[in-house]
Amino acid sequence: MNNIVAIVGRPNVGKSTFFNRLIQRREAIVDSVSGVTRDRNYGKSEWNGKEFSVIDTGGYIKGSDDIFEAEIRRQVELAIDEADAIIFVVDVEDGITPMDEEVAKLLRKVTKPVLLAVNKVDNAMREKDAVEFYNLGLGDYYTIAGMSGSGTGELLDALVALLPEAKAPVENEEALPRFAVVGRPNAGKSSFINALIGEDRFVVTDIAGTTRDAIDTTYNRFGFKFNLVDTAGIRRKAKVKEDLEFYSVMRSVRAIEHSDICILVIDATRGFEGQDQSIFWLAEKNRKGIVILVNKWDLVEKDTMTTRDYEKKIREEIAPFTDVPILFVSAITKQRLLKALETAVQVFENRRQRVATSKLNELMLPIIEHNPPPALKGKYIKIKFCMQLPTPTPQFVFFCNLPQYVKEPYKRFIENKLRENFDFSGVPIDIYFRQK
């Protein structure tokens, strides 16, 4: 297992900038507005040949009435429990604040190694100002500038010296399948993941837009192992007003692009709205496997036809790509969550399945013979051979004499026949006709 390092501190001291520098990617959102990071953000870093995981936490605030602040405080405390070492970031510009003292009081009780990082020290004058941080009672400090990276080397040298030796070789997590949980704001994506992993990893409130980063969690239960990515809710561009929300939407779009499967969570009480369709088509356009979860199903008044009618309406909206699993779930009552998981794993398997060329020809050529493409301008199209291409997503090529005359309806007919005979549920298929 990797060692875990938590970055803590009050809001707006530069924790996320420092986190991004450690993982060498712009993963956590950085903005001059305080309180941007709300969930624990996980990343990987390496220094002097030693690998460790980094947690970026929300800013620690005590005595605030804000609903987010109480949740953030819990998230910070959870991160400290999880970590093997803690980096406490303070801001030289503001000096010691009462809030810094609160965090220091919390950290003095911790038996794990704590490193004090005085951020924004980018000149000799500020180097002198940093001396006052001895008063926090945490021993020596390290002066850094998160923006330029100055001083981070010394801090990391000290950090890796304190970390215990890794217990076992770390698996390459990049190889794990990535399941992105996507949807509109407030559809219940974070609640769904919290219910799955059995702990409150993500801040959940009734306010839309609570999650702002796309955050990875490794899921390893019931024989399944993959990365779950919780994304910020995607809204229509016209609704994206703050810079911050724009970043969140971009992060979600990128999470879709880098995932294998998209679990689209929709709010049962609101129906399958235009924005849900946009997210669906975005995932389809990127050729991702898709599972649709109708969440908050416990809040819907039902009769014997409700499920069937609801499903029929969704399938009409997503036509012609209707071969998509639709499940009715509730993150709160944990209804059908395991089934949702099994379905997502099955779609992942469908997406990477290979059909043997001999089997494909044996099955498809008689079907094509009975239902050949319609003749065009007195010319007959003869399809002689077909095969699956060696691509990450299912793509099939059919060799024929006049590929330019094969029209869209016939391609759809071929796709339907492939789906009837092989399980490609939830996976977009590409079909090409080429000159023999």
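Parameters and conventions
- Residues numbered from 1 in each chain as written.
- Predicted model: local features only at pLDDT ≥ 70, side-chain atom pairs only at ≥ 80, totals over all residues.
- Heavy atoms only, no water.
- Helix = DSSP H or I, 4+ residues; strand = E, 2+ residues; numbered from the N terminus.
- Expected span 1.5 Å × (residues − 1).
- Buried < 20%, exposed > 50% of the residue type's maximum accessible area, 1.4 Å probe, protein only.
- Contact = heavy atoms within 4.5 Å.
- pLDDT = per-residue confidence, 0-100.
- Core = buried A, V, L, I, M, F, W, Y, C linked by side-chain atoms within 4.5 Å.
- Pairing = 2+ DSSP bridges.
- Right-handed = clockwise from strand over helix to strand, strands pointing away.
- Phe/Tyr/Trp six-rings, centres within 6.5 Å; stacked < 30°, edge-to-face > 60°.
- Salt bridge = Lys/Arg side-chain N within 4 Å of Asp/Glu carboxyl O.

Quick word on helix α10 (residues 337-351)
(1) Moving on: With 15 residues, α10 should cover 21 Å at 1.5 Å per step; its first-to-last C-alpha distance of 21 Å lies within 8% of that length.
(2) Moving on: Leu337, Ala340, Leu341, Thr343, Ala344, Val345, Val347, Phe348, Asn350 and Arg351 are the residues of α10 that are buried.

Focus on the side chain of Asp100
(1) Moving on: Relative to the helices and strands, Asp100 resides in helix α3 (residues 98-108).
(2) Moving on: The exposure class of Asp100 is buried, given its relative accessible area of 0%.
(3) Moving on: Other than its neighbours up to four places away in sequence, Asp100 contacts Arg10, Phe88, Val90, Gly95 and Leu136.

Section: the environment of Ala117
(1) Moving on: If you trace the backbone, Ala117 turns up in strand β5 (residues 114-119).
(2) Moving on: Overall, the relative accessible area of 0% leaves Ala117 in the buried class.
(3) Moving on: Residues Ala117 and Val90, spaced 27 residues apart in sequence, show a C-alpha to C-alpha distance of 6.3 Å.
(4) Moving on: Non-local contacts of Ala117, meaning those with residues more than four positions away in its chain, are made with Ile87, Phe88, Val89, Val90, Tyr142, Ile144 and Leu155.

Topic: the confidence of the model for the protein
(1) Moving on: The predicted model of the protein has a mean per-residue pLDDT of 81, with 78% of residues at 70 or higher.
(2) Moving on: Confidence over residues 169-174 falls short of pLDDT 50; this stretch has 7 contacts with residues more than four positions distant or in other chains.
(3) Moving on: Across residues 239-249, where pLDDT falls below 50, the model places 21 contacts with residues more than four positions away in sequence or in other chains.

Concerning the nonpolar core
(1) Moving on: Counting 28 residues, the largest nonpolar core has Phe179, Phe192, Tyr219, Phe226, Leu228, Ile263 and Leu293 as the members making the most contacts within it.
(2) Moving on: Secondary-structure elements contributing two or more residues to this core are β7 (178-182), α6 (189-197), β9 (224-230), β10 (261-267), β11 (289-295) and α10.
(3) Moving on: Top contributing element to this core by residue count: α10, with 7 residues.
(4) Moving on: Excluding its chain neighbours within four sequence positions, the residues that come into contact with Phe179 are Phe226, Asn227, Leu228, Val229, Ile261, Ile263, Ala344, Val345 and Phe348.

Things to note about the pairing of strand β14 (residues 395-400)
(1) Moving on: Counting buried positions along β14 gives 5 out of 6 residues, so the element sits mostly inside the fold.
(2) Moving on: Where strand β13 (residues 383-388) meets β14, 5 bridges bridge the pair, whose relative direction is antiparallel. Bridge pairing in β14 places Met387 opposite Val397.
(3) Moving on: Joining the antiparallel neighbours β13 and β14 is a turn of 6 residues.
(4) Moving on: With 6 bridges joining them, β14 and strand β15 (residues 430-435) adopt parallel strand pairing.

A word on the pairing of strand β4 (residues 85-91)
(1) Moving on: The element β4 is extensively covered by neighbouring structure, given that 7 of its 7 residues are classed as buried.
(2) Moving on: Bridge count between strand β1 (residues 3-8) and β4: 4 bridges; the pairing is parallel. Paired with Ile7 across the two strands is Ile87, which belongs to β4.
(3) Moving on: In this structure, β4 lies alongside β5, joined through 6 bridges in parallel fashion. Counted as the bridge partner of Asp91 is Asn119 from β5.
(4) Moving on: In this fold, the crossover linking β4 to β5 by way of α3 has right-handed handedness.

Digging into the packing of aromatic side chains
(1) Moving on: Evaluated as defined, the whole model comprises 12 aromatic pairs.
(2) Moving on: Their ring planes at 90 degrees and their centres at 5.4 Å tell us that Trp297 and Tyr310 sit as a pair that is edge-to-face. In this pair, Trp297 is assigned in the loop between β11 and α9 (306-318) and Tyr310 in helix α9, connecting sequence segments 13 residues apart.
(3) Moving on: An aromatic cluster is built from Phe179, Phe226 and Phe348, whose rings are joined through pairwise contacts.

Things to note about the pattern of salt bridges
(1) Moving on: A full pass over the atoms with the stated rule returns 18 salt bridges.
(2) Moving on: Measuring nitrogen to oxygen at the nearest pair gives 3.0 Å for the salt bridge that ties Arg10 to Asp100. Of this pair, Arg10 sits in the loop between β1 and α1 (15-23) while Asp100 sits in helix α3; the two residues are 90 residues apart in sequence, bridging distant segments of the chain. Of the two residues examined, Arg10 and Asp100, each falls in the buried class.
(3) Moving on: Lys312 is the partner of Glu316 in a salt bridge, and the nearest nitrogen-oxygen pair spans 3.7 Å. Placement of the pair is Glu316 and Lys312 together in helix α9, with a separation of 4 residues, close to one helical turn. The exposure classification of Glu316 matches that of Lys312, with both residues exposed.
(4) Moving on: Residues joined in a network through salt bridges with shared partners are Arg10, Asp94 and Asp100.

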